[in-house]
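# Observations on chain architecture
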Amino acid sequence: MGTEFKNDNLNVCFVGTSGFPFGLAQVERQKLISKGLLQAGASVLIINRYGQQPEGTSIELLHEPSFEGIPFVYASGNPYRPASFLRRNWGKLKGMINEFFLVRKEKRKGGKTVLLVSTLEFYNIAFYKLVSFLLRVPMVIDNVEFFSAMNIPKSKFVKWDNHWYDHYASKLADKVVVISHFLKDMASRHKSPEKIIQIPSIVEFEKFQTQEAAKDPFFLYCGHAGYFEVIAFILNAYEQLTGYPYALYLVSNGAQWELDRLKKRISESPRVDSIKLFSRLPMQELIDLYMTSKALLIPLRPTPQDKARFPHKIGEYTAARKPILSTKIGEVEKFFRDGDTALLADKYDETAFAEKMKLVMEHPELAEQIGLNGYNLGLQHFDHKALGRKLKTFLSE
């Protein structure tokens, strides 16, 4: 039997992801879930096992007790990543041991203590299950990916770890938070409906303000350079739109070889003069681009990976009040309606996607209204405050 919730106050220990407050989508989701829970009246502590920032740097906020009102701690005692192999792995071991004692300390405060786990590895799930058992606190996992379907180079160990995570993590958990209907269906193999909650893309809408004004019309895509297939799809669609003055802006980070590959593809485009690449933008500059664009692009592929995920950018796109261009695949089809709250191609096809881009250029008033409708839909489904209240209730029951 799973551990039961029996007290009145809620203390959430958010574990499994190291690096807070720096990171990409997983850390951003961790931050916004924490903010939502705090605003709903719960207590939250983010526990990083070990540091991720390079040793030799000095980042002041890593030594603060909180970030944007969210308490956090490094269990290893060091927010930086040692250069030495031995010291690095000693820090990881020390961090694992101290995580146990930090969770125990939170439990001794009284009330209900919950272990909320966000991790990419099944071996972490097994570790936190042991902590959960020894301290008699419930373990709740936040599941955001179907890892077995991620088409990236992997060792045999990682492939097996992915398989065990996808098929058995929810069985070990007391409750499960999922990002998509696909993952909800997978979790339902091991958990009854009342033990599962869907928290989709989560957004802090108040942050999406800008003083900038668009100088020239442009489409915007934001995504990691590792999604080269998707970026090439967008470039191919855009190259079909000859005779239109709209530019294409790409915001992409990644390893140097991934960025070099992307730059090479852009240089070979017949519309190279209308394509602009940005990398490592501060959040406000990214928001400025969101809110001065004419449309925001995020095509999903007909793959298990894209059916299972709910890209964080989709929620951010709604907050920008601009029309979203995507495909009728996965969560997008379940939340948005073509021609009303988004523009959705019927299939993952470059020509079909180019037609939706053309609609934005030829019917700007309609596109603007669709963007506003998408914003209202986002407020209804993706607002971090509302989702925080919903999650607090789920964790407290």
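Description of the structure in this document. Keep in mind that what you see is a predicted model, and the values were worked out from it rather than measured.

### Here we look at the overall build of the protein
Helix and strand content of the protein: 14 helices and 16 strands. The C-alpha atoms of the protein give a radius of gyration of 22 Å, which matches the 21 Å a tight globule of 397 residues would have. Overall, the protein is about 65 × 45 × 45 Å in size when its C-alpha atoms are taken along their principal axes. Here the analysis covers contacts within the protein between residues at least 6 apart in sequence; of these, 75% occur between residues at least 24 apart. Of the roughly 18400 Å² that the protein leaves accessible, carbon and sulfur atoms contribute 53%. Separation of charge centres in the protein, based on 53 positive and 44 negative side chains, amounts to 7 Å.

### Focus on the packing of aromatic side chains
Describing an aromatic ring pair means giving the distance of the ring centres and the angle of the ring planes. Under the defined criterion, the tally for this structure stands at 21 aromatic pairs. Ring geometry for Phe 219 against Tyr 246: centres 5.3 Å apart, planes inclined by 40°, an arrangement best described as tilted. On the criterion of sequence distance, the pair formed by Phe 219 in strand S11 (residues 218-222) and Tyr 246 in the loop between helix H6 (228-238) and strand S12 (247-251) is long-range, its members being 27 residues apart. The exposure class assigned to Tyr 246 is buried, which follows from its relative accessible area of 10%. Three or more aromatic residues joined by ring pairs form one cluster here, namely Phe 20, Phe 67, Phe 72 and Tyr 74. Here the basic side chain of Lys 92 rests over the ring of Tyr 50, its NZ or CZ set 5.3 Å away from the ring centre. The ring of Phe 394 carries Lys 175 above its face, with NZ or CZ at 4.6 Å from the centroid.

Calculation rules
- Residues numbered from 1 in each chain as written.
- Predicted model: local features only at pLDDT ≥ 70, side-chain atom pairs only at ≥ 80, totals over all residues.
- Heavy atoms only, no water.
- Helix = DSSP H or I, 4+ residues; strand = E, 2+ residues; numbered from the N terminus.
- Rg over C-alpha atoms; globule rule 2.2 N^0.38 Å.
- Contact = heavy atoms within 4.5 Å.
- Areas by Shrake-Rupley, 256 points an atom, 1.4 Å probe, with all protein chains shown as cover.
- Lys, Arg positive; Asp, Glu negative; His and termini not counted.
- Charge placed at Lys NZ, Arg CZ, Asp CG, Glu CD.
- Phe/Tyr/Trp six-rings, centres within 6.5 Å; stacked < 30°, edge-to-face > 60°.
- Buried < 20%, exposed > 50% of the residue type's maximum accessible area, 1.4 Å probe, protein only.
- Lys NZ or Arg CZ within 6 Å of the ring centre and 35° of its normal.

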